[in-house]
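# Fold and contact review
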Amino acid sequence: MLKIKKVFATLLIIFSMDCYSKGTVKLLWFGTTNILISDNDTTIAFDPFFTRPSIWDIVFLKGLNSDPELIKKYVHKKKLNKIKGIFTSHTHYDHVLDLNSLQQLTKAKVFGSSSTKFILNSSLKRDKFQQIKAGDIISIGDFKITIMPSSHPPHLLGVTLLDGNIEEPISKGSNVLQYKKGTSFSFYIEHPSGKLLFHPSATKSLKADFGHIKNIDTLILGIANRVSTEDQINSIISKVTPKTIIPVHHDDFFKPLDQGYTEGKFSDTKEFTIKALDFKKNTKILKLKYGQSTPLR
């Protein structure tokens, strides 16, 4: 009798998980703006960056290389098989270092700027890369992704480091100086289960018309190096009025993922959360954990 109960309980859990996954969009975060968004049938990936060089690798201009085995470790095979599109918000190394490895593992199509093209292997088939621009609309499965113009916040004293475009192929083992910013994008993502705005940058302006994307369900917002939380509230949060805000790009990305989360020096997630909630008290703030599957409702 006890065995029958255990079998029944196991089947109930499996059935419940399956029902829960159908039609539900889920998000997995792996630090910075490295995100997977899935509805169980289709997964789209953004800014692949699993292999995290140390700060000394960057300071001493060491060659940067992707670790495909590390990607396999953190992204389950069933997710790899379902990744159909990989999008790049811009081409600094902490957003694209693992682009080639993830594409080769998944055979997914890559969507990015002209700079993104120079990061990809020259052997990649033409139908596996699409150069995008603001205003483009990409449909993948039940996801409709509208490409939006964006900009990058300054790193120091009003200056954005490694600005400009990548204009020649980047070879394996290139150093950080080769990864120039390129064109910056944000992404408005529509799905039958809800509307989502992914704004990876902490800049105060989206440079876009918000008329058609008010009252969204989820805002994924980069907060590192923000001018101020007030700027983000006035220029972004107050305009799209999200039900849920997920801050990203607030971790110390010079540390390997397996060392766990450490907040970045210029993030101050506590201050952001307090002010965002004070502005809109019924908004939910989600602070994600590495690799945790989080349903977006």
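Just so it is clear, the model here is predicted, and its values are computed rather than measured.

## Brief notes about helix H8 (residues 229-240)
Turn by turn, an α-helix covers 3.6 residues, leaving residues three or four places apart pointing in a common direction. With twelve residues, H8 should reach 16 Å at 1.5 Å per residue; the first-to-last C-alpha distance of 15 Å fits that figure. Listed as buried for H8 are Thr-229, Gln-232, Ile-233, Ser-235, Ile-236, Ile-237 and Val-240. On its buried side, H8 packs onto strand E10 (194-199), strand E11 (218-222), strand E12 (244-248) and helix H9 (269-279). Backbone geometry just downstream of H8 places Thr-241 in the positive-phi region, at approximately 40°.

## Re the environment of Leu-288
With respect to the secondary-structure elements, Leu-288 resides in the loop between strand E13 (284-285) and strand E14 (293-296). Between the C-alpha atom of Leu-288 and that of Leu-27, which follows or precedes it by 261 residues, the distance is 9.4 Å. Apart from the residues lying within four places of it in its own chain, the contact partners of Leu-288 are Leu-27, Trp-29, Ile-246 and Thr-294.

## Digging into the confidence of the model for the protein chain
Summary statistics for the protein chain give a mean pLDDT of 86 and a share of 86% for residues scoring 70 or more. This model gives residues 1-21 a pLDDT under 50, and the stretch forms five contacts once residues within four places in sequence are excluded.

## Some thoughts on empty space enclosed by the protein
Scanning the model with the defined rule gives one cavity of 30 Å³ or more in all. Within this model, the largest cavity holds a volume of roughly 110 Å³. Lining the largest cavity are 13 residues, with Val-25, Gly-194, Lys-195, Leu-196 and Leu-296 sitting closest to its centre. For the lining of the largest cavity, the elements supplying multiple residues, two or more each, are strand E9 (185-191) and E10. Residue composition of the lining of the largest cavity, by class: six nonpolar, four polar and three charged.

## With respect to the sheet that holds strand E6 (residues 129-131)
Neighbouring strands of a sheet are bound in pairs by backbone hydrogen bonds; such pairs are parallel or else antiparallel. Strand order in the open sheet formed by seven strands is E6-E5-E4-E3-E2-E1-E14, with mixed pairing between adjacent strands. In this open sheet, the two strands that pair with only one neighbour each are E6 and E14. With strand direction ignored, the average angle separating the axes of adjacent strands in the sheet is 20°. Across four bridges, strand E3 (residues 43-46) lies against strand E4 (residues 83-87) in parallel orientation.

## Brief notes about H9
All of the buried residues along H9 are Thr-269, Phe-272 and Ala-276. Looking straight down H9, one finds its buried side chains confined to an arc of 60°; they lie on one side. Exposed positions of H9 whose direction lies more than 90 degrees from the buried face are Lys-270, Ile-274 and Asp-278. Residues of H9 that are buried in the fold lie against E11, H8, E12 and E13.

## Some words on the sheet that holds E11
Read from one edge to the other, the open sheet built from seven strands follows the order E7-E8-E9-E10-E11-E12-E13, with strand pairing classed as mixed. Both edges of this open sheet fall to strand E7 (137-140) and E13, since each of them pairs with a single strand only. Of the pairings in the sheet, the one linking E12 to E13 comprises two bridges and is parallel in character. Residue Thr-244 lies in a different strand from E13, and its bridge partner there is Lys-284.

Rules used throughout
Residues numbered from 1 in each chain as written. Predicted model: local features only at pLDDT ≥ 70, side-chain atom pairs only at ≥ 80, totals over all residues. Heavy atoms only, no water. Helix = DSSP H or I, 4+ residues; strand = E, 2+ residues; numbered from the N terminus. Expected span 1.5 Å × (residues − 1). Buried < 20%, exposed > 50% of the residue type's maximum accessible area, 1.4 Å probe, protein only. Contact = heavy atoms within 4.5 Å. pLDDT = per-residue confidence, 0-100. 1 Å grid on protein atoms, 1.4 Å probe; cavity = no way out; pocket = protein on both sides within 12 Å on 5 of 7 lines; lining within 4 Å. Points joined across faces, edges and corners; volume = space filled by probe spheres on them. Nonpolar A, V, L, I, M, F, W, Y, C, P; charged D, E, K, R; others polar. Pairing = 2+ DSSP bridges. Axes fitted to C-alpha atoms, helices over the stretch in contact; angles between N-to-C directions. Arc of directions from axis to C-beta.

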